[in-house]
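# Observations on chain architecture
Each chain, written out:
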Amino acid sequence: MSNTLIISLSGYLFFLVFAAYLVSAFLYIGRITLRRRDAKHFALADNLGAWGFRLAIAGVVFHLLAMCVRWWGSGHAPMSNMFEYMSFLGWSIMLFFVILSYWYKLPALGAFVAPVGVIVVAYASVFPTEVSPLVPALQSYWLVLHVTTAALGEGAFAVSFGAALMYLLRVRKDSADRWEESILEFVFYCFSLLIGFLITGLGFKLAGMTWDISLPNRIMHYGFPPVIGPKGAVSGMAKFAGVDLPIFLAPAWMQGANSGKNLNTILFTLVAGTVVYLLLRLIARNPLREMGSRAVAGMNINLLDEVSYRGVAVGFPLFTLGAIVFAMIWAQKAWGSYWSWDPKETWSLISWLFYSAYLHMRIVRGWEGKLAAWVAVIGFPLIIFTLLGVNLLISGLHSYAAG
Amino acid sequence: MEEKGGAPEAELELKSADAEAAEAETEAAVRPVKGFLEQTWDFFASVPVATVLLFLIAAASVAGTLIEQEGQYSDWRPPLDFYPDRYGKVFGMFLFKTGMTRMYTSWWYLTLLFMLGASLIICSLERFVPLWKAVQRPNHTPDQNFVKRLKNRFDFVAADATNGLDTLATQLKARRYFVVREGDRLFADKGRWGRWGPYITHIGLLLVLAGAMMRAIPGVYMDQSVWVRDGSIVRVPGGSWYVRNDKFTAEFYASGQPKSYTTEAVVIDNGQEVKKATISMNNPLSYRWIELYQSSYRQEMGKATAALIDKTTGKPLGTFDVDLLNPADTYTVAGYTLKINQYFTDFTMDGNGKPANASNLVQNPGILFDITPPNGGKAFSTWYFILYPEMSLDKDIPIKFATTKDPEVSSTTGLKVKKDLGLPVIYLGLFIVTLGVFATFYLAHRRYWALVDGGKIVVGGWTNRNQGGLGTEMAILATLLDPTTNPKKDEMEGEER
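Given the structure is predicted, the values throughout are model-derived calculations rather than measurements. (Residues numbered from 1 in each chain as written. Chains lettered and ligands numbered in written order. Predicted model: local features only at pLDDT ≥ 70, side-chain atom pairs only at ≥ 80, totals over all residues. Heavy atoms only, no water.)

What chain B contains, in helices and strands, is eleven helices and 22 strands. A compact globule built from 497 residues should have a C-alpha radius of gyration of about 23 Å, whereas chain B, at 39 Å, is more than 25% larger. Residues classed as buried in chain B amount to 43% of the 497 residues present. Across chain B, every contact between residues at least 6 apart in sequence was considered, and the portion connecting residues at least 24 apart equals 58%. In chain B, 53 side chains carry a positive charge and 55 a negative one; their mean positions are 3 Å apart. (Helix = DSSP H or I, 4+ residues; strand = E, 2+ residues; numbered from the N terminus. Rg over C-alpha atoms; globule rule 2.2 N^0.38 Å. Buried < 20%, exposed > 50% of the residue type's maximum accessible area, 1.4 Å probe, protein only. Contact = heavy atoms within 4.5 Å. Lys, Arg positive; Asp, Glu negative; His and termini not counted. Charge placed at Lys NZ, Arg CZ, Asp CG, Glu CD.)

What follows concerns the sheet that holds strand β11 (residues 303–310) of chain B. All names here are of chain B. Spatially, three strands are ordered β12-β11-β19 in an open sheet, and the strand pairing comes out antiparallel. Pairing within the sheet leaves two strands with one partner each, and these edge strands are β12 (316–323) and β19 (399–405). Recorded for the sheet is a direction-independent mean angle of 30° between the axes of neighbouring strands. (Pairing = 2+ DSSP bridges. Axes fitted to C-alpha atoms, helices over the stretch in contact; angles between N-to-C directions.)

The next point concerns the pairing of strand β6 (residues 242–252) of chain B. All names here are of chain B. Relative to β6, strand β5 (residues 233–235) runs antiparallel, the two being bridged by three bridges. In the sheet register, Val234 faces β6, and the bridge partner there is Val243. Where β6 meets strand β7 (residues 258–269), ten bridges bridge the pair, whose relative direction is antiparallel. Bridge pairing in β7 links Lys247 to Glu264. What sits between β6 and β7 in their antiparallel hairpin is a turn of five residues, with Gly256 showing a positive phi close to 95°.

Let us look at the packing of helix α9 (residues 192–213) of chain B against helix α10 (residues 423–442) of chain B. All names here are of chain B. Running from amino to carboxyl end, α9 crosses α10 at an angle of 160°, the nearest separation of the two axes being 7 Å. The orientation of α9 with respect to α10, classified from their angle, is roughly antiparallel. Crossing angle aside, the handedness with which α9 passes α10 is left-handed. Residues Trp193, Gly194, Gly197, Pro198, Ile200, Thr201, Gly204, Leu205, Leu207, Val208, Gly211 and Ala212 of α9 form the contact with α10, whose participating residues are Val425, Ile426, Leu428, Gly429, Leu430, Ile432, Val433, Gly436, Val437, Ala439 and Thr440. Looking at the contact of α9 with α10, its residues break down into 15 nonpolar, eight polar and no charged. (Parallel < 35°, antiparallel > 145°, perpendicular 65-115°, else oblique. Left-handed = near helix turned anticlockwise from the far one by under 90°. Nonpolar A, V, L, I, M, F, W, Y, C, P; charged D, E, K, R; others polar.)

See the structure below:
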C-alpha cells in the first residue's frame, strides 16, 4: 500500500471514531435526561448508558488504531502538529473517562466528560490534517515520551474537570452566591462558544469554502467570511452571499499581522456561540446551570468530589513526568538547556504549580470541597491554554507546533 | 441531605492515627506568644502558606509570559528603546523599572521561589518525626473503641478466636500485607511508601533547585558558542582541547523545511584525535564534562576560478584560483602580476562613500588588485567583484575579469558549548520527584486492626486514599471469612449510593 493510501485510511478511521464519540456523548446525555424524568424510564436509560459506554470503548480502541495507522503511513509518531496533539488529547480524555466511570460505576460522568472529548477531537480537525515532515528538533524518541505522558495526564485532568463541574452543580443551592451562579452559567456559555465555533468552522471547511485577501506583501487565508479584514484591505476583496467584504478593518492599535483574522474568528465564534447558547436555553426553558443541576440531582456528593480528586491524583504524576521531567531532559538534549523560560515551558510550570496548589488545598480544612472544585474547573482551561493558546497567541521555541 | 458533613468522620480517623502530623498547625495557632524565629518557622511550616505561594508563583509566571521578556522579544532594539515603544512611554518604563521585563530573575520572583524552598524544607522537617512515628511505629493495639468507630468495618463470627485471626492473617498476607499479632489483636498494613511519597517528592524538588543554584559556583556553569569552518580546528572555550569540523551538512525537504543539520566533528586533545562523532540536533557531543550542541550555521564562499580577459580581443589570457576565505598575496597570470591591495569579504559603501565590510562573512567579496603588466607596461589598480565581474570601474585599462567557476560553498557550523556540573544533581532530583509523585498517588497506605469482641471478630480498616478500593477489598474479605453474616452484595451504581 502506498503511504498516501494508508494515511487516508487512518483519516477514515478518525472520522469513524469521531462519530462513535459523538453518538456516545448523545447517548449519555439522553440517559441522564431520561433518568430525571420518571422511574419507569430507568431501564431504557440504563440501556442507553450501556451503549454509550460500549461506543466509547470502541472509539478509544479504534482511535488508537487510527493513530498507529497514521504512524505507519507517515513514518513518524503522530505527535508533530496541532491536529495530532489535539487528537491524542481527545483520545486520552476518552480513555480516562472510560476507566474512571467504570471504576466508580458512574455513567453520569459521560454526560459531562464525553462532550469534552468530542469537542477536543472536533477541534483537532479544524487544524490542517496533512502529514508534515519532522523538523530536526523533533527527530527524537523523546517526542513520543514527552507528548504522550503529558497528554495522558491532561486527559485525566479533563475527567476531573467534568466531575468537579458536576460537584458544583450538585451542591449549588438557589440561595447560592450570585457571582458563583454567573460563573457557572458562564462555563456553559463557553461550551456554547466552542460548539458554535466548531459547527461554523468545520461547516465552512467541509463545504470547501475559504476566502483569500491579497495584500501587497502577503495573502491572508480566511476560514470564515472575512467580515473584519486586515489593515490595508479594501471592501470587495472577498464576497459572501453576495455581500462585499470586508466591512470593517482591524483597528490601528492592534499590532499583530493576524489581528484582523483573529478578530474575525472571534466575531464568528461569539455570534454562532450565542445562537447555540440561546437555542439550548430555549430547549431547556431555564438557565443552563439549572438544567445541569437537575441532571445531577440526588447524586452522591462525596463520590463526585472523590472522582474529581482522583482525576487529578491519577493525572498529576503523569503530567509531572511528561510535561516537566521528560520535557526538561529533552530540552537539555535538543537545545542544551533544560530550562529556558520559553512560554510553553513556563505555562507547563504554571499548570503544574496550579494543580500542586489544588492537591495541597485538599488537605487544608475549609479549602477542600467547593473551593477546590472551582480550582479543578479552572485548571482545565489552563491546560488547554498551555496546549493551544501558547502556540496560537505567544510565540516561542515551540512555534513549530502552530498550525 | 448529603452535605459535606460526612467527610470529617474520615478525618477523625486520620487524626486518631496520625494525630500529631495532622494537628501540627492547629496546635501552633493555640500556643502563646512566640519569638520571631519561631513565628517564621510556623509560617513556613503551614500548608495554607505553601498553597498560597504556589498560586502566587503561578500568577507571577503568567505575567512573565504575557509581557515580552528581555532577550526573548524579536526586535533588534535595546530594552530602553523597545519597551516604551511596545507598551507606551509610561507603562513600558514602569514594566522595565519594576523588573517585570526580566521577571524570572527579578528579586521578587526569586524571593517567592526562595520562600517556596523554605516552605518545602520546613514543612518536611516539621512533619517528618510525627509521620515516622505514625507510619513506622504504629500502635498495634489501639483503644477498642477506636477500631469499633472506624467507618470501614466488618464483623465475622469465628468458633475459635485465635483460629479466626489466623485465617484473617493468612488472607492479608496473601494480599502482601505486613501482619503483626499481639494476643487477641491483629494489626496489618501495606503501602507505607505511599505516605512517604510527598516527602520524597519534596526532597527531589529541593535537589532540582539546588542543582539549578549550583550555577552560581564559579567553574560549574558555562554557556558559550563557537564557530568552526569546514576543515578547520578551533579551541573549545573553557576546555584545553580542540574540535575540528570535517564537514557541515544542511538538508532540506522538498517543501523547503529543514530536514537535518549535522557536523562531522573530531575532538583533538593533546594533539591526538580522541573522539569522532556526528553532532546533530538531539545528538550533542560530550567530552570532559563539556557538551557541544548543533545550534546554528552559516554559509560562505570558498574557492572560485577567475579569468583575466584581454579587453580589446575579448579573449581570455589565463585563469587563476582564488580561495576567498584565505586568498594569496599575489597571483601571476599570463605574465601579469596581481597583488592584493585591499580585500573586502562583504563589500559595501559606508556613509562616506568609502568601501567597507557589511559583515565579517565572505558573502560579497571585492578585491582591489595592484596589477603589473608583462614587459614593463604601466602598472594600474582595479577592483574585481567575484559575484559581479562585469562591474569594471576603470575604463582605460587593458584587461577585465570574469568568474569562470562560481565560488564553492563553505559552511561554518555554529556549536553551543555548554558545561553544567549541576546536571547530575538535577537529573537525580527529577528521578526522585518522579518516584515521589508516583508513590504518593499510585500507592495507598492501608491498615487493618482486628480484635476479639465476645463471639465475633471486629475488623476495622483505614486508608489514606482510594476509600472505594479499600471498601471493595473489605467486602471481599468479609464474604470470604463469613458468608452468612456478610453475604455478597450487588454492586450499585455510584449515582444511587
